Amino acid sequence: MHCRFLSILVLILCSSVVQSADIPEPPEVDARAHFLVDMHSGRVLSEAGADTRLEPASLAKMMTSYVVFAEMARGKFALSDEVLVSEKAWRMKGSRMFIEVGTRVSVEALLMGLIVQSGNDAAVALAEFVAGDEGTFAGLMNRYARQLGMTGSHFTNASGLPESDLYTTARDMAVIATALIRDFPQYYPWNAVREYEYGGIKQRNRNRLLFHDDSVDGLKTGYTRAARYCLVASAERDGMRLIAVVMGAESARARTRIAQSLLNYGFRFYETHRVYAPEEKVTDIRVWKGEDKRLALGLEESLYVTVPRGRYDEIDAQVEVATGLVAPVRAGEPQGVLRLALGDELSLERPLVALEDVAEGSLWQRVSDHVRLMFE
């Protein structure tokens, strides 16, 4: 197939240029690492030490829950299945949901104890049920972490209790938070549950932001003496979802304050928009020698942009599309490029793909277009 590309400059939404004040610097963060990102666009709004390897403490339980959800999605077990509590799970120290050795507890109850109560005993019980033992489960954690692109993490247990080769990064914690929200939306609301009772013992969620900010709906706190105080918080306001990661803060109050200030900063000074939906027509192009003369082009995935507030109307899009395209064409084949730009604030490039098949036309159509192409 021979084709060449034609560049067309278009302006998205509006031709007027809106002047906006410069974005102030992000809040100062007194922690070992932090990371603030828009979940949909992937734009990082603030970071420091984001790739430094740190102990995750109970933030590791996000990975634990992801593995359980993923294995359950493969049909290996159900929420209603009962788990026999081992002595190892019962003897776990630190935060617990207080399950008793030799009893049977449903997978759903253990997940609630893991997510809401941060139960180390629940983490071990689930790990043993899913993989036979905690060591094998840690191998699953690492396998899924690699698949998600968590390049700075290594897990050795399901609870996050300190071990020599257990580490993660603030950036990777944002990756697993995003994966939980994106891949298992049916279970994500459990992260917003403020308290859970098991065995007559009621415990509150340790994420204090759930009690102070209605836009916050997850995800996880963590603490050990070595890791200090950690928090991954996610909030959604007006369709914009931010994820804030704080690792190594001095106190529970400090991690809450830092996460809140990061979220407030992101929502106050930035806005996120979906520019195109999956398979939405962006443009169309001429197809020669085909049953159809026009071919719609679009994106395979949603395209979101995060820009300073008040500047969305300034975004320019450059569409570079194929010319001289000859049928047959298959849906999904790249036939152009979409580029978005907003000064130094935004520079994105995405392939434009065929949204439909175009089969070869009749003999007459092919001969007729062959002649026309000679004069193009």
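Here's what I pulled together on the structure shown here.

Along the backbone of the chain there are nine helices and 18 strands. By its C-alpha atoms, the chain is 80 × 50 × 35 Å across when sized along the principal axes. Here the chain holds 376 residues, and the buried ones make up 52% of them. If you take every contact in the chain between residues at least 6 apart in sequence, the share linking residues at least 24 apart comes to 66%. When the accessible surface of the chain is split by element, carbon and sulfur atoms take 47% of a total near 17700 Å².

With 14 residues, helix 6 (residues 170-183) extends 20 Å between its outermost C-alpha atoms, agreeing within 8% with the 20 Å of an ideal straight helix rising 1.5 Å per residue. Among the 14 residues in helix 6, 10 count as buried, and that is most of the element. In this structure, the buried residues of helix 6 make contact with strand 2 (33-38), helix 1 (60-73), helix 5 (134-148), strand 8 (216-224), strand 9 (228-237) and strand 10 (240-249).

To continue, consider the nonpolar core. Membership of the largest hydrophobic core comes to 71 residues, with the highest contact counts inside it found for M63, Y66, M173 and I176. Breaking this core down by element, the ones donating at least two residues are strand 2, helix 1, helix 3 (107-115), helix 4 (120-131), helix 5, helix 6, strand 9 and strand 10. The element that contributes the greatest number of residues to this core is helix 1, accounting for nine residues. Leave out the neighbours within four places in its chain, and M173 touches L59, M62, M150, F155, T168, V232, V245 and M247. Judged by nonpolar contacts, the second largest core, of 27 residues, contains V305, Y312, V321 and L346.

A few words now on the pattern of salt bridges. All chains considered together, the criterion is met by 19 salt bridges. Here K88 and E134 are joined by a salt bridge, their closest N and O atoms 2.8 Å apart. With K88 in helix 2 (residues 87-90) and E134 in helix 5, this residue pair connects regions lying 46 residues apart in the sequence. Using a relative accessible area of 42% as the deciding quantity, one classes K88 as partly exposed. Put simply, R241 and D217 hold a salt bridge, and the shortest N to O gap is 2.8 Å. Here the residue R241 occupies a position in strand 10, and D217 occupies one in strand 8, the gap between them amounting to 24 residues. For the pair shown, R241 and D217 are each scored as buried.

On to a negative patch on the surface, then. A surface patch of like charges, here negative, comprises E291, D292, E356 and D357. Within the secondary structure layout, D357 lies in the loop between strand 18 (346-354) and helix 9 (363-373).

It is worth spelling out the environment of P56 at this point. Looking at the element boundaries, P56 is found in the loop between strand 3 (44-48) and helix 1. With sequence-adjacent residues up to four places away left out, P56 is seen in contact with L166, Y167, T168 and M247.

Next up on the list: the packing of aromatic side chains. One pass over the structure, following the stated rule, counts 10 aromatic pairs. Between F69 and Y187 the ring centres are 4.6 Å apart and the planes differ by 10°, which places this aromatic pair in the stacked class. Here Y187 lies in the loop between helix 6 and strand 6 (195-198) and F69 lies in helix 1, a separation of 118 residues in the sequence. Both residues of the pair, F69 and Y187, count as buried. Joined through ring pairs, the aromatic side chains of Y66, F69, Y144, F184, Y187 and W190 make up one cluster. A cation sits over an aromatic face here: R204 above F211, 4.1 Å from the ring centre. The positively charged end of R268 is found above the aromatic ring belonging to F269, 5.0 Å away from the centroid.

Side chains of residues three or four places apart in an α-helix project in the same direction, reflecting 3.6 residues per turn. In this model helix 8 (residues 252-269) runs 26 Å from its N-terminal to its C-terminal C-alpha over 18 residues, within 8% of the 26 Å that 1.5 Å per residue would give. All of the buried residues along helix 8 are A252, A254, R255, T256, I258, A259, Q260, L262, L263, Y265, G266 and F267.

Across residues other than glycine, the phi torsion is negative in most instances, and most of the peptide bonds are trans. Of note, the amide linkage connecting G218 to L219 takes the cis form, showing an omega dihedral of 15°. Following the sequence through the fold, L219 ends up in strand 8. The omega angle of the peptide bond from A327 to P328 is 10°, so this bond is cis rather than trans. Along the chain, P328 turns up in the loop between strand 16 (325-326) and strand 17 (334-342).

Within the secondary structure, R53 is located in the loop between strand 3 and helix 1. When its relative accessible area of 54% is taken as the criterion, R53 is described as exposed. Sequence-wise, R53 and A170 are 117 residues apart; in three dimensions their C-alpha atoms are separated by 8.3 Å. Once residues within four sequence positions are removed from consideration, R53 is found in contact with G152, Y167, T168 and T169. Within the structure, the side chain of R53 is placed 3.4 Å from the side chain of Y167, a separation counted as a polar contact.

Now for the packing of helix 3 against helix 4. Geometrically, a packed helix pair is captured by the angle between its two axes and the distance between the axes. Interhelical geometry of helix 3 versus helix 4 gives an angle of 140° and a closest axis separation of 8 Å. Put simply, helix 3 runs oblique to helix 4. Like other packed secondary-structure pairs, helix 3 and helix 4 cross with a definite hand, here left-handed. Along its contact with helix 3, which presents V107, L110, L111, G113 and L114, the element helix 4 presents A122, A123, A125, L126 and F129. Considered class by class, the residues forming the contact of helix 3 with helix 4 number nine nonpolar, one polar and no charged.

Basis of the calculations
- Residues numbered from 1 in each chain as written.
- Predicted model: local features only at pLDDT ≥ 70, side-chain atom pairs only at ≥ 80, totals over all residues.
- Heavy atoms only, no water.
- Helix = DSSP H or I, 4+ residues; strand = E, 2+ residues; numbered from the N terminus.
- Buried < 20%, exposed > 50% of the residue type's maximum accessible area, 1.4 Å probe, protein only.
- Contact = heavy atoms within 4.5 Å.
- Areas by Shrake-Rupley, 256 points an atom, 1.4 Å probe, with all protein chains shown as cover.
- Expected span 1.5 Å × (residues − 1).
- Core = buried A, V, L, I, M, F, W, Y, C linked by side-chain atoms within 4.5 Å.
- Salt bridge = Lys/Arg side-chain N within 4 Å of Asp/Glu carboxyl O.
- Patch = residues over 30% accessible without salt bridge, like charges linked within 9 Å, V, L, I, M, F, W, Y side chains within 5 Å.
- Lys, Arg positive; Asp, Glu negative; His and termini not counted.
- Charge placed at Lys NZ, Arg CZ, Asp CG, Glu CD.
- Phe/Tyr/Trp six-rings, centres within 6.5 Å; stacked < 30°, edge-to-face > 60°.
- Lys NZ or Arg CZ within 6 Å of the ring centre and 35° of its normal.
- Polar contact = N/O pair within 3.5 Å; in protein donor to acceptor, adjacent residues only side chain to side chain.
- Axes fitted to C-alpha atoms, helices over the stretch in contact; angles between N-to-C directions.
- Parallel < 35°, antiparallel > 145°, perpendicular 65-115°, else oblique.
- Left-handed = near helix turned anticlockwise from the far one by under 90°.
- Nonpolar A, V, L, I, M, F, W, Y, C, P; charged D, E, K, R; others polar.

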